[in-house]
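# Summary of the model geometry
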Amino acid sequence: MGDIEVLIVTMNRDTADFVEEMNIPSDVDVIVANQADKFDYSEQYTKDNRIRFITHNTKGVGINRNIALLNSGDDILVFADDDIKYRDGAFEEIQKAFQKSPDADGFIFNVNTIGQDMGRRENAEIKRVRTYNFLNYGAVRLVIKKESLKKNAIYFSEMFGGGAKYGSGEDTLFIRECLKKNLKLYTYPFILADVYQEKSSWFEGYNDKYFYDKGALMKACFRMIYPMLIVAYAVKSARKMDKKFLDILYTMKNGANEF
């Protein structure tokens, strides 16, 4: 396989100094898409990396990821937030994954969460990702061929994710779109990075906004069967937390209907 490029999204940064803490090798290219209140472009350097630093004033993590994606140029793309640190050997393992499965368009790796538990699913083997088992995989776990995205015009939703109308789900919809376009994605049992999740930029607890947005996301993902999934999710959530099933169901249905 060819060169690897890390696409990092962040907010309100003046410099790319934080990249030095992410343990990205010197032979890996880096783009930082920085959401702030101005427009700017610079090339910056840490001890190990040359970084293309793009600042823009649009709002939403989906737009931010798309700006990085549209400016990328290497063969293999790695999506990143600014709160992760890659494990030693991670990028060599990415190359090995594509060498083992040359038909693959992308892989979903494991990450180790430090701090707030976001309910990430752990991969135990190399296995094809399908439309019935693609949930709970975030963008920072995804490594994918740039050419596969270009051929199929796949980008992140700008309606979902931190800073957008609906508070999360842009990565779920992105993976869903990859599968709809018949890209071959596989799980891969290697811990790519540690994610320092002390505080989420979008998660404020299981409040009405959370369930409203989750209803909208389910309709966006599953246009035909979303009513059944909303009921199942409401049942599961009511059992785990101090909320009434009908209240959760009503809020999720409102989100789906409004979407």
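Everything that follows concerns the structure shown earlier in this document.
All of the points below concern the structure found in this document. (Residues numbered from 1 in each chain as written. Predicted model: local features only at pLDDT ≥ 70, side-chain atom pairs only at ≥ 80, totals over all residues. Heavy atoms only, no water.)

The next point concerns the nonpolar core. Ranked by internal contacts, the top residues of the largest apolar core, which has 36 residues, are Phe79, Ile144, Leu149, Phe174, Ile175 and Cys178. For this core, the secondary-structure elements that each account for two or more residues are β1 (4-11), β2 (29-35), α1 (61-70), β5 (76-81), β9 (142-145), α4 (170-180) and α5 (208-221). What isoleucine 175 contacts, discounting residues up to four positions off in sequence, is Ile108, Phe134, Tyr137, Leu142 and Leu185. Of all hydrophobic cores here, the second largest spans 34 residues; its members include Phe91, Ile94, Phe109 and Tyr186. (Core = buried A, V, L, I, M, F, W, Y, C linked by side-chain atoms within 4.5 Å. Buried < 20%, exposed > 50% of the residue type's maximum accessible area, 1.4 Å probe, protein only. Helix = DSSP H or I, 4+ residues; strand = E, 2+ residues; numbered from the N terminus. Contact = heavy atoms within 4.5 Å.)

Okay, the packing of aromatic side chains next. In this structure the tally under the stated criterion is 16 aromatic pairs. Residues phenylalanine 98 and phenylalanine 107 carry aromatic rings whose centres are separated by 4.9 Å and whose planes lie at 80° to one another, so their mutual orientation is edge-to-face. The class of phenylalanine 98 is buried, set by a relative accessible area of 2%. You can call phenylalanine 107 buried: its relative accessible area is 0%. When the centroid spacing of 5.9 Å and the interplanar angle of 70° are considered together, the rings of tyrosine 166 and phenylalanine 259 count as edge-to-face. With tyrosine 166 in the loop between α3 (146-152) and α4 and phenylalanine 259 in the segment after α7 (245-258), this pair connects stretches of sequence that are 93 residues apart. Look at phenylalanine 259 and you get partly exposed, because its relative accessible area is 27%. An aromatic cluster of at least three residues, connected via ring pairs, comprises Phe98, Phe107, Phe109, Tyr186, Tyr188 and Phe190. Sitting above the plane of the phenylalanine 18 ring, arginine 13 keeps its charged end 4.1 Å from the centroid. The ring centre of phenylalanine 156 lies 5.9 Å from the NZ or CZ of arginine 65, which sits over that ring. (Phe/Tyr/Trp six-rings, centres within 6.5 Å; stacked < 30°, edge-to-face > 60°. Lys NZ or Arg CZ within 6 Å of the ring centre and 35° of its normal.)

A cluster of nonpolar residues, Met224, Ile225 and Met228, forms a patch on the protein surface that exposes about 370 Å² of accessible area. With respect to the helices, strands and loops of the structure, isoleucine 225 is situated in the loop between α5 and α6 (226-240). Exposure remark for isoleucine 225: the relative accessible area of 37% places this residue in the partly exposed category. (Patch = residues over 30% accessible without salt bridge, like charges linked within 9 Å, V, L, I, M, F, W, Y side chains within 5 Å. Areas by Shrake-Rupley, 256 points an atom, 1.4 Å probe, with all protein chains shown as cover. Salt bridge = Lys/Arg side-chain N within 4 Å of Asp/Glu carboxyl O.)

Summarising the element assignment, serine 42 is placed in strand β3 (residues 40-45). Side chain to side chain, serine 42 and glutamine 44 meet in a polar contact 3.0 Å long. Those residues in contact with serine 42, other than ones at most four positions away along the chain, are Ile51, Arg52 and Phe53. (Polar contact = N/O pair within 3.5 Å; in protein donor to acceptor, adjacent residues only side chain to side chain.)

Our next topic: α7. Given a rise of 1.5 Å per residue, 14 residues ought to cover 20 Å, and the 20 Å separating the end C-alpha atoms of α7 matches this to within 8%. Those residues of α7 that sit buried are Ile248, Leu249, Thr251, Met252, Gly255 and Ala256. Axial view of α7: buried residues confined to an arc of 165°, hence all on one face. Residues of α7 that are exposed and point over 90 degrees away from its buried face: Leu246, Tyr250 and Asn257. At its buried positions, α7 is contacted by α5 and α6. (Expected span 1.5 Å × (residues − 1). Arc of directions from axis to C-beta.)

A complete count under the given rule lists zero disulfides for this structure. Note on cysteine 178: no disulfide assigned, nearest cysteine sulfur contributed by cysteine 221 at a separation of 12 Å. (Disulfide = S-S within 2.5 Å.)

Moving on, we get to the pattern of salt bridges. Throughout the structure, instances matching the rule amount to 11 salt bridges. As a salt-bridge pair, arginine 50 and glutamate 43 come within 3.0 Å of each other at their nearest N and O atoms. Here arginine 50 falls in the partly exposed class, since its relative accessible area comes to 38%. Using a relative accessible area of 39% as the deciding quantity, one classes glutamate 43 as partly exposed. With its nearest N and O atoms 2.7 Å apart, the salt bridge here joins lysine 165 to glutamate 258.

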